[in-house]
There are 2 protein chains.
Amino acid sequence: MMRSIWLAAAVAALTLPVFATAEDQPPPKAKTMADVLAASQPSDWRALDPENTLYIDLAAGRVVLELAPAFAPLHAANIGTLVRQHYFDGLAILRVQDNFVTQWGDPDGDKPDKAHPLGKASKTLAPEFERAIDKDLAFTPLPDGDVYAPEVGFSNGLPAARDPKSGKAWLAHCYGMVGAGRDVAVDSGPGSELYVVIGHAPRQLDRNIALVGRVVQGMELLSALPRGTGALGFYEKPEQRVPIRTVRMAADVPAAERTNLEVLRTDTPTFAALVESRRNRRDDWYKVPAGKIDLCNVPIPVRAIGADAKK
Amino acid sequence: MMRSIWLAAAVAALTLPVFATAEDQPPPKAKTMADVLAASQPSDWRALDPENTLYIDLAAGRVVLELAPAFAPLHAANIGTLVRQHYFDGLAILRVQDNFVTQWGDPDGDKPDKAHPLGKASKTLAPEFERAIDKDLAFTPLPDGDVYAPEVGFSNGLPAARDPKSGKAWLAHCYGMVGAGRDVAVDSGPGSELYVVIGHAPRQLDRNIALVGRVVQGMELLSALPRGTGALGFYEKPEQRVPIRTVRMAADVPAAERTNLEVLRTDTPTFAALVESRRNRRDDWYKVPAGKIDLCNVPIPVRAIGADAKK
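Residues numbered from 1 in each chain as written. Chains lettered and ligands numbered in written order. Predicted model: local features only at pLDDT ≥ 70, side-chain atom pairs only at ≥ 80, totals over all residues. Heavy atoms only, no water.

(A) Here's a closer look at the overall build of chain A. Along chain A, the regular secondary structure elements total four helices and 16 strands. Taken over the C-alpha atoms alone, chain A extends approximately 70 × 50 × 40 Å along its principal axes. Going through the 311 residues of chain A one by one, you find that 57% of them count as buried. Counting contacts in chain A only where the partners sit at least 6 residues apart, residues at least 24 apart contribute 70% of the total. When the accessible surface of chain A is totalled, it reaches about 12,500 Å², and 54% of it is carbon and sulfur. Of the side chains in chain A, 36 bear a positive and 38 a negative charge, and the two mean positions are spaced by 2 Å. (Helix = DSSP H or I, 4+ residues; strand = E, 2+ residues; numbered from the N terminus. Buried < 20%, exposed > 50% of the residue type's maximum accessible area, 1.4 Å probe, protein only. Contact = heavy atoms within 4.5 Å. Areas by Shrake-Rupley, 256 points an atom, 1.4 Å probe, with all protein chains shown as cover. Lys, Arg positive; Asp, Glu negative; His and termini not counted. Charge placed at Lys NZ, Arg CZ, Asp CG, Glu CD.)

Okay, structure coming up:
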């Protein structure tokens, strides 16, 4: 009965541009996200940079992670060094804490005699928890405020916040964002252990840890894993861990094996129209458009291109 | 290395009351959540009402759902009628959409000749999307604002919002909240098909659909399921669905088989102290306490009592 239709607005492809005779008189130009994407131009999209994209290959499939050198250049470079040393190959997902994070790295990372060597990568890194607001920082603000930060918006496709008073900007812990786990010392997270947000945005972590990128495809391979039953969601038995086959830089993968994706640019009128389509849903299911949107509820569309678009 | 300590603050039981020599001078009385819970009194907790609590028994375990009759009395009663007719026994989880919802009900609900009969339960229900603000409505406001609503806080242990101008209050779509799926018609969701939020709070649904309760235990049994690959996350093959063994009212379950839980009251100084402990984390991992908290990031502690406390 209701299952085939309710919440249909959640999937852009199924969202029809039908307007209810709403009392609040939606403007005639109001568009759904599907309309916005259908009208997008090639220049509204950007391809992922192969030198800035990781493929995490699990038995169940591939996770595609875009790094964020604009906010964490040292971490992005150190992770790249680790990847090119094949550091992550054969390591595992160690922890899945419900409504919080999935985390992967070296199961023996805390045993000095057994830990996999970091090789040429740094063992410590300066904390990249925030950066300066300057002319090099792209920033498309959102209009509806935020509980945690003075301003929020998007910077090159990543959810971000900034504080004009302090002159600082930082990435925000939204669903799918990836960070570098650390110990108590602020420089103790070199990127050898990574986590991804799989629940409601834990924004209290913002500015306390380095976010290093975002999962742009394959989130379900990390979010639907069994939750660990140990403290903090760590798997208690080694056999519960999920093995990582390989982590490779996209640039190092033969062209035929790459996952070719484009991400919608966040500094365009098309993205602004998409945000508006999500602030006020205009299909006939929604009776009370929110009129607002919070940072972590804004989707950042990704699409396959080339041969991948036909798969 | 870092994995054993980082984010330790996320688990109250592991959070030590150690203060860093922070530059921002934490007040000497600042407490962690673990401190707050350790100092709680029996009167800070309330037992679940067996006439208001559902057990959803799956092969993997039990989900405990507390209904919300203060906001959705017709839905709570209709769901109770369905449960006592054994309506849900043998039905299934039909849909898991990543970062959105898990949904269950009758796989044949949209086929008039095959649908399981609703019996004495209503097939339509007046929309209980909001209710009046009045003297019967408990409300403990939060101090940090909200993107979507003029005021947010807690009402009898449930995340809620209210608008003094309209005189209305409503439940909020936070992680773990359960709603009654509906079709386009606002009265088309009688509670025979239910969903639970498994991702970042989809607050745009607030006031558009009836929230009927909250999962207080067993969320991981609903959140860690494989995502459906059909439109809206529906499972495409019948064998992918997750069978529901039984759904029972706790009051109808023999005492020895009940799951005995208490929930922290949200109208007490203890809860206010808990909120403060989460607004400003005071362990030595956090370097920049957020100083704020958003509605859906406030935990509502649950504990086992009686024989269950020893399991």
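After that view, the rundown keeps rolling.
(B) Highlighting the confidence of the model for chain A. Across chain A, the average pLDDT comes to 91, with 90% of residues at 70 or higher. Under a pLDDT of 50 for its full length, residues 1-23 of chain A has, in the predicted model, 69 contacts with residues more than four places off or in other chains. (pLDDT = per-residue confidence, 0-100.)

(C) Molecular detail of the environment of B:Val83. All names here are of chain B. Considering the arrangement of structural elements, one finds Val-83 in helix α2 (residues 73-84). For the pair Val-83 and Asn-52, spaced 31 residues apart in the sequence, the C-alpha separation amounts to 11 Å. Excluding anything up to four places from it in sequence, Val-83 contacts Leu-54, Phe-88, Val-247, Arg-248 and Met-249.

(D) Spotlight on the packing of aromatic side chains. All names here are of chain A. Enumeration according to the criterion identifies six aromatic pairs over all chains in this entry. Ring centres 5.2 Å apart and planes at 75° place the aromatic pair Phe-154 and Phe-271 in the edge-to-face group. Separated by 117 residues along the polypeptide, Phe-154 in strand β8 (residues 151-155) and Phe-271 in helix α4 (residues 269-279) bring together distant segments of the chain. Of the residues examined, Phe-154 reaches a relative accessible area of 1% and is grouped as buried. (Phe/Tyr/Trp six-rings, centres within 6.5 Å; stacked < 30°, edge-to-face > 60°.)

(E) The relation of the copies chain A and chain B, seen in detail. Each copy superposes on the other: chain A lies on chain B with an RMSD of 0.0 Å after a rotation of 180° and an axial shift of 0.0 Å. Between the two chains, the operation in question is that of a two-fold axis. Here 100% of the contact residues of chain A are again contact residues in chain B; the copies associate through an equivalent surface. (Least-squares fit on C-alpha atoms with pLDDT ≥ 70 in both.)

(F) Broad picture of the pattern of salt bridges. All names here are of chain A. Under the criterion given, the structure shown has 32 salt bridges over all chains. Here Arg-84 ties to Glu-51 by a salt bridge, and the two come within 3.2 Å at their closest N and O atoms. In this pair, Arg-84 is assigned in helix α2 (residues 73-84) and Glu-51 in the loop between β1 (45-47) and β2 (53-58), connecting sequence segments 33 residues apart. Taking the relative accessible area as the measure of exposure, Arg-84 reaches 38% and is therefore partly exposed. Taking the shortest distance from any N to any O, the salt bridge between Asp-57 and Arg-62 comes out at 2.9 Å. Assessed through its relative accessible area of 19%, Arg-62 is described here as buried. Each of Asp-57, Arg-62, Arg-248 and Glu-257 takes part in a single network of salt bridges with overlapping partners. (Salt bridge = Lys/Arg side-chain N within 4 Å of Asp/Glu carboxyl O.)

(G) Summary view of the sheet that holds strand β9 (residues 158-163) of chain B. Residue and element names in this part refer to chain B. Spatial ordering of the open sheet is given by β6-β10-β9-β8-β7, a layout of five strands whose pairing is antiparallel. The open sheet is flanked by β6 (131-132) and β7 (140-141), the only strands paired with a single partner. Across four bridges, β9 lies against strand β10 (residues 168-171) in antiparallel orientation. Its bridge partner being in β10, Ala-161 is matched across the sheet by Trp-170. (Pairing = 2+ DSSP bridges.)

(H) Local environment of the interface of chain A and chain B. In this assembly, 72 residues from chain A lie in contact with 73 residues from chain B. Each partner contributes to the roughly 6,300 Å² buried at the junction of chain A and chain B, and carbon and sulfur atoms together form 59% of this total. On inspection of chain A and its partner chain B, the count reaches zero salt bridges. Linking chain A to chain B there are 25 residue pairs in polar contact (both at pLDDT 80 or more). Counting residues per element, the ones that place at least two in the side of chain A that touches chain B are β4 (92-97) and α3 (220-223) of chain A. (Buried area = accessible area lost by both parts, 1.4 Å probe. Polar contact = N/O pair within 3.5 Å; in protein donor to acceptor, adjacent residues only side chain to side chain.)

(I) Broad picture of the sheet that holds strand β12 (residues 194-197) of chain A. Residue and element names in this part refer to chain A. Around the barrel, eight strands lie side by side as β2-β3-β13-β11-β12-β5-β4-β14; this closed barrel has antiparallel pairing. Taken over all neighbouring pairs, the strand axes of this sheet differ in orientation by 35° on average, direction set aside. Looking at chain direction, strand β5 (residues 101-105) and β12 are connected through four bridges and run antiparallel. Across the sheet, Thr-102 pairs through a bridge with Val-196, a residue of β12. Most of the contacts of α2 go to strand β14 (residues 242-249), to which it runs at about 110°, and overall it touches β2, β3 (61-67), β11 (177-180), β12, β13 (211-217) and β14. (Axes fitted to C-alpha atoms, helices over the stretch in contact; angles between N-to-C directions.)

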